[in-house]
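Overview (structure and organization)
The lines below spell out each chain.
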Amino acid sequence: MKSDSLTRAFALLLKRDLTLAVRHRAEMINPLLFFILVTSLFPLGIGADPRLLQAVGPGVIWVAALLAALLSLEGIFRSDFEDGTLEQLLLSSHPVSVLVLAKVLAHWLITGLPLLLVSPLLGVLLGLPAAAIQILLLTLVLGTPVLSLLGAVGVALTVGLRKGGMILSLLVLPLYVPLLIFAANAVDTAAAGLPVTAHLSLISALLVLALSLSPLATAAALRISLS
Amino acid sequence: MKQTGNHTLTLEARGLECIRDDRVLFSELAFRLEPGQALLLEGRNGSGKTSLLRILCGIRLPDAGSVTWCGSDINRLGPDYHEHTAYVGHRDGIKLDLTPLENLAMARALGKPNETTLEAVLEQVDLYGFEDVLTRNLSAGQKRRLALARLLVTDTVLWILDEPFTSLDVHGIQVVEQLLEQHTARGGMLAVTSHHPVNFKHTTVQRIDLSA
């Protein structure tokens, strides 16, 4: 009975955030557009030498994905904080960490998933070999949820500040660095035709860790921010 | 309703103190609230009424003292306390880009749902006919009534209301006063701040003046 109503609250909150995203389409497209623009400007800036592009491609795509995620992070809690609905989430009779997970999942579906869908195209644009594009997609599947999950902790900590944007970047970027290193290196390694199981295991471990710990940390951070 | 006639529920505050920006807003504050009673907080702007309500909700921690619900500290109870409470703060806590129905459905899912239909609740606050309009397009008074309608979609005992009458017209005030009296008559509890004099006819009212 109790878990039933929790599932319902989870589903409804997810649906609510997706509905709101559809009603604010422009904000939803912004990070995706940023991702595409940054990646496609690189060949213009550094020249169209295929070997050079292949060498920097994985790093460029991952850095762009990371910055695109950072750009959209504030949206997870900012508007809820301003209109008071965040207070209502904290005062719900359900565990806040589960509700937080619904919001993070919505954020990933809105900003992470579109990046995932266009990334093979950008891989082709940068001349990555097919094997590398496959691994790129796999690292993004495992990695973009980590971006949303870790980012949520940072946003939760800074949402009470009037100009939290700068602190948010400083807070969250160091946490993203391990993921960036392993992911970009995995794609490089795959492009060289070597096995990448170790990289993928490490990224999966990061995902499991973020999935299990960050909702709790986010819930605690929200309590601090609102009190 | 289940809570009718149940006199074991109590909200008790002991030795509460709130400090803000090095100023002591109130200290050694104590009261005890039982079913059917209302707590009316009075005081000047900035005297700590909202802070006290946020402490009673469990959003803010008191700088000293404790708030207990049926004998247990509310911050230890967490969700087990929150399922008995509903809070309408000075921010409405509704999404402007959702319709009133969508807003109420969300509010209901976050608490312990009761049996009334959402349409009936909208009718009670005179918002029937607006259920599919985006909340953004409602007037300030209508938004406030929608915020107060959140109280009616879940089964709660303690209503914590921060200036519930803001932006309401004479008729709206009457409707809300009636809702509050019905709630205490059913054995509910109220903690309210208001600049508007509240006329309770049948409810035991405790007044606390924070500027004193």
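The shown structure was predicted, so the numbers you read here are calculated from the model rather than taken from an experiment.

On to the domain arrangement of chain B. All names here are of chain B. Taken domain by domain, chain B holds domain 1 (9-84 + 157-212) and domain 2 (96-155). The gap between the C-alpha centroids of domain 1 and domain 2 is 23 Å. Facing the 10 residues of domain 1 at the interface are 10 residues of domain 2. Residue contributions to the side of domain 1 that touches domain 2 peak at three residues, all from helix H7 (residues 170-185). Of the residues belonging to the side of domain 1 that touches domain 2, the class tally is five nonpolar, three polar and two charged.

In terms of nonpolar packing, the biggest core is built from 121 residues, with Ala65(A), Ala156(A), Val187(A), Ala149(B), Ile160(B), Leu190(B) and Ala191(B) touching the most fellow members. Looking at which element gives the most residues to this core, the answer is helix H7 (residues 130-158) of chain A, with 15 residues. Counting the residues that make up this core, at least three belong to each of domain 1 (9-84 + 157-212) and domain 2 (96-155) of chain B.

Right, let's talk about the sheet that holds strand E7 (residues 158-162) of chain B for a bit. Residue and element names in this part refer to chain B. One open sheet holds the five strands; their spatial order is E6-E7-E8-E3-E9, and the pairing between them is parallel. Two strands lie at the open edges of the sheet, namely strand E6 (85-88) and strand E9 (204-209), each paired on one side alone. Across the sheet, the mean angle from the axis of one strand to that of its neighbour is 15°, orientation sign disregarded. Relative to E7, E6 is paired through four bridges, and the arrangement is parallel. Bridge pairing in E7 links Ala 86 to Trp 159. In the packing of H7 onto the sheet, the strands contacted are strand E3 (37-42), E7 and strand E8 (189-193), and the crossing angle to E8 comes to about 145°.

Residues and elements named next belong to chain A. The N-to-C vectors of helix H3 (residues 50-73) and helix H6 (residues 96-125) enclose an angle of 160°; their axes lie 11 Å apart at closest approach. One finds that H3 runs roughly antiparallel with respect to H6. Viewed along their axes, H3 and H6 form a crossing whose handedness is right-handed. In contact with Gly 57, Ile 61, Ala 65, Ala 68, Ala 69 and Ser 72 of H3, H6 contributes Thr 111, Leu 115, Ser 119, Leu 122 and Gly 123. Class assignment of the residues belonging to the contact of H3 with H6 gives a composition of six nonpolar, five polar and no charged.

What follows covers the pairing of strand E4 (residues 64-69) of chain B. Residues and elements named next belong to chain B. Bridge count for strand E1 (residues 11-20) against E4 is five bridges, and the pairing is antiparallel. Bridge pairing links Glu 17 to Ala 64 in E4. Counting the residues in the hairpin turn of E4 and strand E5 (residues 72-73) gives two residues, including Cys 70, whose phi is positive at 50°.

Moving on, we get to the interface of chain A and chain B. Across the boundary between the two partners, chain A contributes 22 residues, which contact 26 residues of chain B. Of all the secondary structure elements, the ones that give two or more residues to the side of chain A that touches chain B are helix H1 (2-23) and helix H5 (85-90) of chain A. Examining the composition of the side of chain A that touches chain B, we find that eight residues originate from one element, H1(A), more than from any other.

On to the environment of Ser169(A). Residue and element names in this part refer to chain A. Tracing the backbone shows Ser 169 in helix H8 (residues 165-191). What makes Ser 169 partly exposed here is the crowd of 16 C-beta atoms within 10 Å. Along the sequence, Ser 169 and Leu 67 sit 102 residues apart, while their C-alpha atoms lie 9.4 Å from each other.

So, about the pairing of E9(B). Residues and elements named next belong to chain B. The element E9 is barely covered by neighbouring structure, given that only zero of its six residues are classed as buried. Relative to E9, E3 runs parallel, the two being bridged by six bridges. Each residue of the ladder has a partner; that of Gln 37, found in E9, is Thr 204.

Bringing H8(A) into the picture now. Residue and element names in this part refer to chain A. With 27 residues, H8 extends 36 Å from end C-alpha to end C-alpha; this agrees with the ideal 39 Å at 1.5 Å per step. Taken as a whole, H8 carries its principal kink of about 35° at Tyr 176; the proline Pro 178 stands between one and four residues after it. Residues Leu 168, Val 172, Tyr 176, Leu 179, Phe 182, Ala 183, Ala 184, Ala 186, Val 187, Asp 188, Ala 190 and Ala 191 constitute the buried set of H8. Buried residues belonging to H8 abut H3, H7 and helix H9 (197-226). Gly 193 sits one or two residues past H8 and shows a positive phi near 80°.

Backbone hydrogen bonds are what pair the strands of a sheet, in a parallel or an antiparallel way. Residue and element names in this part refer to chain B. The four strands lie next to each other as E2-E1-E4-E5, forming an open sheet whose pairing is antiparallel. Only two strands of the sheet have a single neighbouring strand rather than two, namely strand E2 (23-33) and E5. Against the sheet, helix H1 (residues 49-57) engages E1, E2 and E4, with an angle of about 130° to E1.

Turning our eyes to something else, we now look at helix H6 (residues 140-149) of chain B. Think of an α-helix as turning once every 3.6 residues; residues three or four places apart then point the same way. Residues and elements named next belong to chain B. Counting buried residues along H6, eight of its 10 residues qualify, which places the element largely inside the surrounding structure. Among the residues making up H6, those that are buried are Gln 142, Lys 143, Arg 144, Arg 145, Leu 146, Ala 147, Leu 148 and Ala 149. Against the buried residues of H6 lie E6, helix H4 (100-110), helix H5 (118-124) and H7.

Conventions and cut-offs
Residues numbered from 1 in each chain as written. Chains lettered and ligands numbered in written order. Predicted model: local features only at pLDDT ≥ 70, side-chain atom pairs only at ≥ 80, totals over all residues. Domains from an automatic or database assignment. Contact = placed C-beta atoms within 7 Å. Helix = DSSP H or I, 4+ residues; strand = E, 2+ residues; numbered from the N terminus. Nonpolar A, V, L, I, M, F, W, Y, C, P; charged D, E, K, R; others polar. Core = buried A, V, L, I, M, F, W, Y, C linked by C-beta atoms within 7 Å. Buried ≥ 20, exposed ≤ 12 C-beta atoms within 10 Å, placed from the backbone. Pairing = 2+ DSSP bridges. Axes fitted to C-alpha atoms, helices over the stretch in contact; angles between N-to-C directions. Parallel < 35°, antiparallel > 145°, perpendicular 65-115°, else oblique. Left-handed = near helix turned anticlockwise from the far one by under 90°. Expected span 1.5 Å × (residues − 1). Bend = angle between axes of the 7 residues up to and from the residue.

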